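Notes for the structure review
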Amino acid sequence: MSQGIYITKNAAVTAAVLAAAAMVTIIALSVAYSKQKTSAAEGGGAGEGGGGTQVGPTPAPEPKEPWDRYRLPDTLSPVSYNVTLWPRLQKDEGGRYIFTGHSAVVFQCVKETDLILIHSSKLNFTMFEGHHATLTTLDGRHAPAIRTTWLQPKTEYLVVQLSGTLVPGRSYQLYTKFQGELADDLEGFYRSEYVEDGVRKIVATTQMQATYARQAFPCFDEPAMKAVFHMTLIHPRSTTALANGRDAVIIDTILEGTHVRITSFEPTKPMSTYILAFIVSDFGSIKKDDSSSTTLVRIWARKKALELGHGAYALNVTLRMLEFFESYYNTSYPLSKSDQVALPDFNAGAMENWGLITYRETSLLYDPRTSSNGNKERVLTVIAHELAHMWFGNLVTLRWWNDLWLNEGFASYVEYLGADHAEPSWHIKDMIVQGDVQRAFTVDSLVSSHPLTRKEEEVNKPEEISQMFDTISYSKGAAVLRMLSEFLSEPVFVKGLSSYLHQFAFGNTVYTDLWDHLERARRREGLNLPDSIHEIMNRWILQMGFPVVTIDTTTGSISQQHFLLDPDAVVDRPSIYNYQWIVPIKWMKNRVEQEQHWLTDKTAVFEPMRVSGGEWLLANMNVSGYYRVNYDLQNWERLFTQLSSNHQAIPVINRAQIIDDAFSLASARILNTTVALQSTRYLVQEREYIPWQAASSSLYYFFQMFDRTEVYGPMLAYLKKLVGPLYEYSMKIDRPLSHTMAYTRSIALSLACTTGVPGSNEHVLEWFRQWMREPNDNGIDPNLKTTVYCKAIAAGGEAEWNFAWEMFRNATVASEAARLRSALACTKVPWLLNRYLQYSLDPTKIRKQDATSTIGYIANNVVGQSFAWDFFRSKWDYLFKEFGGGSFAFSSLITAVTRRFSTPFELQQLLDFKRDHPELGSGKVALDQAIEKTTANIKWMAENKKQVLDWFNTESA
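Rules used in this analysis
Residues numbered from 1 in each chain as written. Predicted model: local features only at pLDDT ≥ 70, side-chain atom pairs only at ≥ 80, totals over all residues. Heavy atoms only, no water. Helix = DSSP H or I, 4+ residues; strand = E, 2+ residues; numbered from the N terminus. Contact = heavy atoms within 4.5 Å. Axes fitted to C-alpha atoms, helices over the stretch in contact; angles between N-to-C directions. Parallel < 35°, antiparallel > 145°, perpendicular 65-115°, else oblique. Left-handed = near helix turned anticlockwise from the far one by under 90°. Nonpolar A, V, L, I, M, F, W, Y, C, P; charged D, E, K, R; others polar. Disulfide = S-S within 2.5 Å. Buried < 20%, exposed > 50% of the residue type's maximum accessible area, 1.4 Å probe, protein only. Pairing = 2+ DSSP bridges. Salt bridge = Lys/Arg side-chain N within 4 Å of Asp/Glu carboxyl O.

Here's the deal with the environment of M231
Checked against the element boundaries, M231 lands in strand β13 (residues 228-236). For the pair formed by M231 and R141, sequence separation is 90 residues and the distance between their alpha carbons is 27 Å. Not counting residues up to four positions away in its chain, the partners in contact with M231 are V83, L85, T263, S264, F265, L276 and F278.

Regarding the packing of helix α5 (residues 404-422) against helix α9 (residues 490-504)
At a minimum axis distance of 15 Å, the contact between α5 and α9 shows a crossing angle of 135 degrees. With respect to α9, the element α5 is oriented oblique. Here α5 runs over α9; the crossing is left-handed. Residue-level inspection shows L406, F410, Y413 and L417 of α5 in contact with α9, the latter providing E490, F493, L497 and Y500. Grouping the amino acids of the contact of α5 with α9 by side-chain chemistry returns seven nonpolar, no polar and one charged.

A short note on the state of the cysteines
Here, the word disulfide means a covalent bond between the sulfur atoms of two cysteines. Under the criterion given, the structure shown has one disulfide. Between the sulfur atoms of C790 and its disulfide partner C826 the distance amounts to 2.0 Å. Measuring handedness by torsion sign, the sulfur bridge of C790 and C826 sits at about -105 degrees and is left-handed. Of this pair, C790 sits in helix α19 (residues 785-795) while C826 sits in the loop between α21 (814-823) and α22 (830-840), and the two are 36 residues apart along the sequence. Free cysteine: C109, not disulfide-bonded; nearest cysteine sulfur from C219 at 19 Å. Overall, C219 belongs to the buried group, its relative accessible area being 0%.

Examining the packing of helix α27 (residues 904-916) against helix α28 (residues 924-955)
Following both chains from N to C, one finds α27 and α28 inclined at 160 degrees, their axes separated by 9 Å at the closest point. The orientation of α27 relative to α28 falls into the category roughly antiparallel. Between α27 and α28 lies a crossing whose hand is left-handed. Here α27 contributes P904, L907, L910, L911, F913 and K914 to the contact with α28, which in turn contributes L927, D928, A930, I931, T934, T935 and I938. Partitioning the contact of α27 with α28 into residue classes produces nine nonpolar, two polar and two charged.

Here's the deal with the sheet that holds strand β8 (residues 146-152)
Judged by pairing direction, the sheet is antiparallel, and its three strands sit side by side in the order β5-β9-β8 without closing on themselves. For this open sheet the edge positions go to β5 (113-119) and β8, each flanked by a neighbour on one side alone. With strand direction ignored, the average angle separating the axes of adjacent strands in the sheet is 20 degrees. As judged from the six bridges shared by β8 and strand β9 (residues 157-166), these two strands associate in the antiparallel manner. Pairing of I146 across the sheet is with L162, part of β9.

Digging into the pattern of salt bridges
Within this structure, the stated rule accounts for 57 salt bridges. In this structure, K586 engages E486 in a salt bridge whose closest nitrogen and oxygen atoms are separated by 3.1 Å. Residue K586 is found in the loop between β27 (583-585) and β28 (587-589), and its partner E486 is found in helix α8 (residues 471-488); the two are separated by 100 residues along the sequence. For K586, a relative accessible area of 23% gives the class partly exposed. Overall, the relative accessible area of 36% leaves E486 in the partly exposed class. A salt bridge links R523 to E519; the shortest N-O distance between them is 2.7 Å. With R523 and E519 both in helix α10 (residues 511-524) and four residues apart, this pair spans about one turn of that helix. Shared partners join several salt bridges into a network, and the residues in it are D566, D568, R669, K939 and E943.

If you want it as structure tokens, here you go:
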């Protein structure tokens, strides 16, 4: 039993009545939501996890005609493309930027057919005798005549019907000529703009993943349809053209009365369309002469940025990490060059185009004078992530998007290994727990989550493919692969990986192919496991969620249960494993690490886990396993006692884990919330970053739930007591800070300002106003800028906001602009927030790539949250049109504007919104998650608000 808080009988009765009333409303709204979810569903088998009935969705009938299906038939296989594109970097007579081009794709007939389906979207074709294309053979024989052609917009096909049939084994060539718009939509072949020395400059660039190559030229736009690409770009002579391969031939000529340069590139290796890239710009480049390497490595960016040295760090770490990954994979880098390009406008963080990686400027450029440690780490880890893909994803590629996790999860895991090799003093491998494992837990604890891999038929439409690019694929994928590597050992894991890459080079795979190679490796090494890799890992791959492992140290009993944020939620996705896992448990008993134990059943008894007296037990060492841990109350109390007496007896990652697990168990109503709060008491002694980051993340939920209630004041008073010593300690350090201590000081300053530690807000305002007095001399520590900017703007008024806006508009370093853009949302002045919302959708003020995140920043402000939600609904049509079809940022926007929702009224607004907007595109899952989280928040508030208020009042007295 936890330490109790005395509550008078009248207060207890009042709280119970209020909670009961709230629960009646919740139940009614939850029933309404459940009816919406299951109205078209059929009953399924019951599972052990989740405590509810499982129902399976009824699959939609497959369309009769092949051109109405989203997947290509298996009748044709591309061999090569010969593509010429001419982007016009000036407007045409109609005021548009366009590109023209022609393409010849050679394909082989695999099965007899009289139909050619090839992807095409947003292209206008030149007609040949009334048809969109011509068809020829390569051997001089007659090809079947084209009977008719048409465009099928819904499934994005160019349909070619033939009068005869194609012959299996024979090759054919389909030729098309077309025109498209070089729009600013950040998809396909698109336009980016920037101003340098007062001159507006245009960049023609690409983003093909996942289904946008078809907007540049007709192609078989599926990852398994690998081919060789022969690319030619026509462009102004003052510009440079880049593609996946090195330039091979450059010719200056005159076309249509225009002086142009024609750049042809060496043919690519066999590759998928989604990693194709080409760019026309007047960017500059830097490279490092390295006679020991046969790979040309260059960084491309705005010339001014390179002149100021902003590309130097990226160049240095790229060379180091390429060497690391060649060694790690035991496979040479497959290409002759590695170009990395910083783009002013780019929707994702970066894209692993083979040999021509594209980045946001914030992910590639680093200014040592103005950028923070966080900016530097961002550059390091994103480069590591993209370089990891050059082998895992590009050389060996997923067969279909339902296995996206295999690409992104793997890169998200090994990015930490590559980054650690480049910057070993940063201890960056430890960051994966907070950066990915805990992030995955948050989403994967919802019944609206999904397994890492889905059935292929569940992922067909472009918006369904886009939904796969989520926290589950990236962060859960990283977490389970890290767990696999931990229990196999890194050497065994790498041996299996190397043989996998060698066998499937330039080919496509499914996840079971990797299991096969890892299984062979572990057998060769004589490693004993409780079951095969397939049997162990399929439980983590084929069913959503994760377990909470409960250990009773009084009896030695261990059990597992599907962890759900809302234990009353209905699990509507069946699992053949009944939400049970084979769990590797690394554990410690009284500071001594023990031999790994496997939990293979739902419950078991393991005598060594019985403890007595003052002994304590800690499971999931270094959070190597993808599960949460609960204990009997006595063991929790003993862990808290150890933290208070000598917290360093517990490893730093596990100190953070104790906080994370306790708060998450409390959110799921498994552990009393006041017990979870006890895990923070020791923080008054803590000086390490990772536990403080865990506490900040866990308490962030409390801020979201309580900053509109009477709990907020006592909560701040308690946190002020905790953070005061850390603030005093960190601000007095006069030696160079370690990488993580710089982060710790930033957390300390932020919490100190929020809670009102004496002197903190005064320091922040003075630093900011000194900058206002001398705009050309910003003396604020780069590692504190995010906090200083936000807190100063929040404490100030129109003058501070306008100054920051002016600095944002004039910023020449992308990371500085990003900090200011975020800080501008911190103001407490309502009309400034509303004006900023209007700015967010004006591309002359906020770049289109930043629109959704800017709205999200405003929603994160307690004053701006309701404004952002109203704005989101009023601008829905525009937002959905611009971002809803396939933008990765769209689901994040929905999450941001609904994160604070915790009342029945807000839940009803969400249900009404879903009812009124049946077409949600890539935001469907995010809205379901918002409804589920809001339902859980309402229940949690009803049950916990009173006891949390009393606890904070007592602790802050």
